[in-house]
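# Fold and geometry: a report
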Amino acid sequence: MATAVGTRTIMPIPMTEEIEALRLFAWLSPGYPVGAYAYSHGLEAAVEAGDVSGEESLTAWLGDVCEHGSLRNDLILVARAHDAASTASAMDLVAINDLALALAPSRELNLETSQQGRSFLDATLGAWPCPALTTLAPSLAEAVAYPVAVGAAAGAHGMRLSPVLGTYALAFVHNLVSAALRSAPVGQAAGTRVVAALSVRLVPLARAAETASLDDLGSACLRLDLGSFRHETQYSRIFRS
C-alpha cells in the first residue's frame, strides 16, 4: 500500500537484508537529524572532574557506561519497544516509554533522551513512513525516549532485532568518543582505538538485551549521574549534557 506524505506518494519497498542494513546505518549515523552532537551524556563533567584524562581512562569510563549503565538499559528498552511495535501494542509502548523517561536521573539526561527521541521519530515518520509506525505515533505524541523511538520504528518496519541492537550500541560508543575528541585530551587515533577496544564488548551486551525483561533494567554508574547534576551548573561547557 502506498503512503501519502504531503504531495508525495511513497511506494513501499520490500525489505531485504541489504536495505535493512542501509536503513539502520542511515538512522543511526551522525548525520541523522537528532542533534546527538550536542550531548556528551555526562562525559564533559567527567573530563572536568578528572575522571577522564586520556585514552585509558576514557576506555574504562565508557566501558562502565556500556556494561553497567546507560547503554545496557538503552538496549533493553530498544528490544522491548521493538516487541511492542511488532505486535502493534500501543499500551505496552506507552508504558515502556514512561519507564524510559523516568530512568533519566537528571534534567539534562532527560532532555538528551527526550529531545533526540522526538527528533528521531519525527524525522523517520517524514522520510520512512509506514502504516504501522503511523498508527503507533499518536501514542508517542509527547516526550519520547530515544531508545524507545528507535525500537518502535525498527519494530514497525519489521526489522530484525539483532542488527538493530548491535548498530545502536556501536552508534552510542561512536557518539561519545566523538564527544571525547572535543572535550578531552584524546586524539583521533586514540579515539579509534577506544572504539575498537569496546566493540568486542558490545556483542554480548546486545545479545543479552534480546531476551532481557524490563525487570532487568538498572544502573550502577552513580558517578556519571552525580556528574550530570554538577554539569547543569558547570562554569564552562560546550555540551548540553
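These numbers come from a predicted model, not from an experiment.

Per the secondary structure count, the protein includes eleven helices and two strands. Traced from its N-terminal end to its C-terminal end, the protein shows the element sequence β-β-α-α-α-α-α-α-α-α-α-α-α. Against the 2.2 N^0.38 benchmark of 18 Å for 241 residues, the protein shows a C-alpha radius of gyration of 18 Å, consistent with a compact globule. Along the first, second and third principal axes, the C-alpha set of the protein runs to 55 × 35 × 35 Å. Out of the 241 residues belonging to the protein, those deemed buried represent 50%. Pairs at least 24 residues apart make up 81% of the contacts formed inside the protein by residues separated by at least 6 positions. Surface summary for the protein: the accessible area is close to 11,300 Å², and the carbon and sulfur share equals 59%. Positive and negative side-chain charges in the protein, numbering 15 and 23 respectively, have mean positions lying 4 Å apart.

With that out of the way, let us pick up the environment of P30. Mapped onto the secondary structure, P30 falls in the loop between α1 (17–27) and α2 (43–49). For P30, a relative accessible area of 85% translates into the label exposed. In the structure, P30 is positioned 141 residues away from A171 in sequence and 8.1 Å away in space, judged by C-alpha atoms.

About the cut-offs
- Residues numbered from 1 in each chain as written.
- Predicted model: local features only at pLDDT ≥ 70, side-chain atom pairs only at ≥ 80, totals over all residues.
- Heavy atoms only, no water.
- Helix = DSSP H or I, 4+ residues; strand = E, 2+ residues; numbered from the N terminus.
- Rg over C-alpha atoms; globule rule 2.2 N^0.38 Å.
- Buried < 20%, exposed > 50% of the residue type's maximum accessible area, 1.4 Å probe, protein only.
- Contact = heavy atoms within 4.5 Å.
- Areas by Shrake-Rupley, 256 points an atom, 1.4 Å probe, with all protein chains shown as cover.
- Lys, Arg positive; Asp, Glu negative; His and termini not counted.
- Charge placed at Lys NZ, Arg CZ, Asp CG, Glu CD.

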